[in-house]
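Residues per chain, in single letters:
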Number of protein chains: 2
Amino acid sequence: MTTLTLDNVSVSTKANVYFDGKCVSHSLVLADGRKCSVGVIMPGTLSFGTAAAEIMECSSGACEYRLAGTEEWVRSAAGEQFSVPANSKFDIRVTGEPYSYICHYA
Amino acid sequence: MTTLTLDNVSVSTKANVYFDGKCVSHSLVLADGRKCSVGVIMPGTLSFGTAAAEIMECSSGACEYRLAGTEEWVRSAAGEQFSVPANSKFDIRVTGEPYSYICHYA
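Summarised in this report is the structure supplied together with it. Since this is a predicted model, take the numbers as computed values, not measurements.

1. A few points about the overall build of chain A
Item 1. Counting its regular elements, chain A contains 0 helices and 11 strands.
Item 2. Starting at the N terminus and walking to the C terminus, you meet the elements of chain A as β-β-β-β-β-β-β-β-β-β-β.
Item 3. Taken over the C-alpha trace, chain A has a radius of gyration of 13 Å; the compact-globule value for 106 residues is 13 Å, and the two agree within 12%.
Item 4. Each of the three principal axes of chain A carries a C-alpha extent, and together these read 40 × 30 × 30 Å.
Item 5. Buried residues in chain A amount to 45% of all 106 residues.
Item 6. Restricting to contacts in chain A with at least 6 residues of sequence separation, those with at least 24 account for 57%.
Item 7. Of the accessible surface of chain A, which amounts to about 5200 Å², a share of 50% is contributed by carbon and sulfur atoms.

Following this line, the structure appears as C-alpha cells:
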C-alpha cells in the first residue's frame, strides 16, 4: 500500500539538495518524535552512503537499487520498500518518471 | 524572521517536479486546513504562472524575482516574502545556493 500522506508532522522548510539537485528532500519529524524525510530522485544513477540504517519506501514512480557488496539491480516501485544497513552504500538508478520516496531511519 | 519549520502539517509524499527538476516541491495541508507547499529552486532562471494568488516566502538562500509587467528584478532572501497576483506570471533567478521557499496561497 502506498503512503500518500504523512499527517501531524513537522517539516523543515529548507530543502536538502544533493548531487546538484538530482536528489532533493525535506526533513520531517513524525508525531511520535521519529525523524524521516520525503524526497525525490531524478532520472539518472546516483550513489549514496548511509550513517544510520535506512528504509527507503517508494511513494511514486520506481527505481532500481543495488546494495554494497551485491551485483544485482532490484526494482522498487510505489508501495514497496527496501532496507539499507548502517554505514553502508547503495546505488539508485531511475529511468522515466522521478522516484519519490520516504526515508525512514531504522 | 525565517520560518524554519511548519508544525502539525500533512505532507504529500509524492514530490511535484517542475522544469526537469529545477524546481521541486511537496504539497502541505496546514493544521487550519489551508494548503501550501515547501519547495526549492536550483540556480538558473525560470518562469512561473499562477492560478491562485501566491505569497512566496524564502526559508533559505535567496532569489531575484520579476513580476509580469515590470522590468525590475527584486531580491528576496531568507525571512522575506513577495506576492504574486492570481492568473499572472513571474520570473525567478537564482544564483549561488538553492532558493528554498514556502508557497502560500493568498
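2. Overview of the sheet that holds strand 8 (residues 74–77) of chain A
Residues and elements named next belong to chain A.
Item 1. Strand order in this open sheet of 4 strands is 5-10-7-8, and the pairing throughout is antiparallel. Bordering the open sheet on either side are strand 5 (44–49) and strand 8, each of which pairs with just one other strand. With strand direction ignored, the average angle separating the axes of adjacent strands in the sheet is 30°.
Item 2. By the bridge criterion, 4 bridges tie strand 7 (residues 62–67) to strand 10 (residues 89–94) in an arrangement that is antiparallel. Bridged to tyrosine 65 within strand 10 is isoleucine 92.

3. A few points about the relation of the copies chain A and chain B
Item 1. In the superposition of chain A on chain B (RMSD 0.0 Å, axial shift 0.0 Å), the rotation amounts to 180°. What the superposition gives is, in effect, a two-fold axis relating one chain to the other. Of the C-alpha atoms belonging to chain A, the one lying closest to the rotation axis is found on asparagine 8 of chain A, 2.2 Å away.
Item 2. A symmetric contact is evident, with 100% of the interface residues of chain A recurring at the interface of chain B.

4. Here we look at the environment of arginine 66 of chain B
Residues and elements named next belong to chain B.
Item 1. Tracing the backbone shows arginine 66 in strand 7 (residues 62–67).
Item 2. For the pair arginine 66 and proline 43, spaced 23 residues apart in sequence, the C-alpha to C-alpha distance is 16 Å.
Item 3. In this structure, arginine 66 is in contact with Glu71, Glu72, Trp73, Phe90 and Asp91, ignoring residues within four places of it in sequence.

5. As for the interface of chain A and chain B
Item 1. On the side of chain B, 27 residues touch chain A, which itself brings 27 residues to the contact.
Item 2. Summed over both partners, the interface of chain A with chain B comes to about 2000 Å²; 60% of that surface belongs to carbon and sulfur atoms.
Item 3. Counting across the chain A and chain B interface gives 0 salt bridges.
Item 4. At the junction of chain A with chain B, the criterion picks out 15 residue pairs in polar contact (both at pLDDT 80 or more).
Item 5. If you list the elements that add at least two residues to the side of chain A that touches chain B, you get strand 1 (5–12), strand 3 (23–29), strand 4 (35–41), strand 6 (54–60) and strand 11 (99–105) of chain A.
Item 6. At 8 residues, strand 1 of chain A tops the list of elements feeding residues into the side of chain A that touches chain B.
Item 7. For the side of chain A that touches chain B, the class distribution of residues is 13 nonpolar, 12 polar and 2 charged.
Item 8. In terms of strand pairing, strand 1 of chain A meets strand 1 (residues 5–12) of chain B through 5 bridges, oriented antiparallel. In the sheet register, valine 11 of chain A faces strand 1 of chain B, and the bridge partner there is leucine 6 of chain B.

Quick notes on the rules
Residues numbered from 1 in each chain as written. Chains lettered and ligands numbered in written order. Predicted model: local features only at pLDDT ≥ 70, side-chain atom pairs only at ≥ 80, totals over all residues. Heavy atoms only, no water. Helix = DSSP H or I, 4+ residues; strand = E, 2+ residues; numbered from the N terminus. Rg over C-alpha atoms; globule rule 2.2 N^0.38 Å. Buried < 20%, exposed > 50% of the residue type's maximum accessible area, 1.4 Å probe, protein only. Contact = heavy atoms within 4.5 Å. Areas by Shrake-Rupley, 256 points an atom, 1.4 Å probe, with all protein chains shown as cover. Pairing = 2+ DSSP bridges. Axes fitted to C-alpha atoms, helices over the stretch in contact; angles between N-to-C directions. Least-squares fit on C-alpha atoms with pLDDT ≥ 70 in both. Buried area = accessible area lost by both parts, 1.4 Å probe. Salt bridge = Lys/Arg side-chain N within 4 Å of Asp/Glu carboxyl O. Polar contact = N/O pair within 3.5 Å; in protein donor to acceptor, adjacent residues only side chain to side chain. Nonpolar A, V, L, I, M, F, W, Y, C, P; charged D, E, K, R; others polar.

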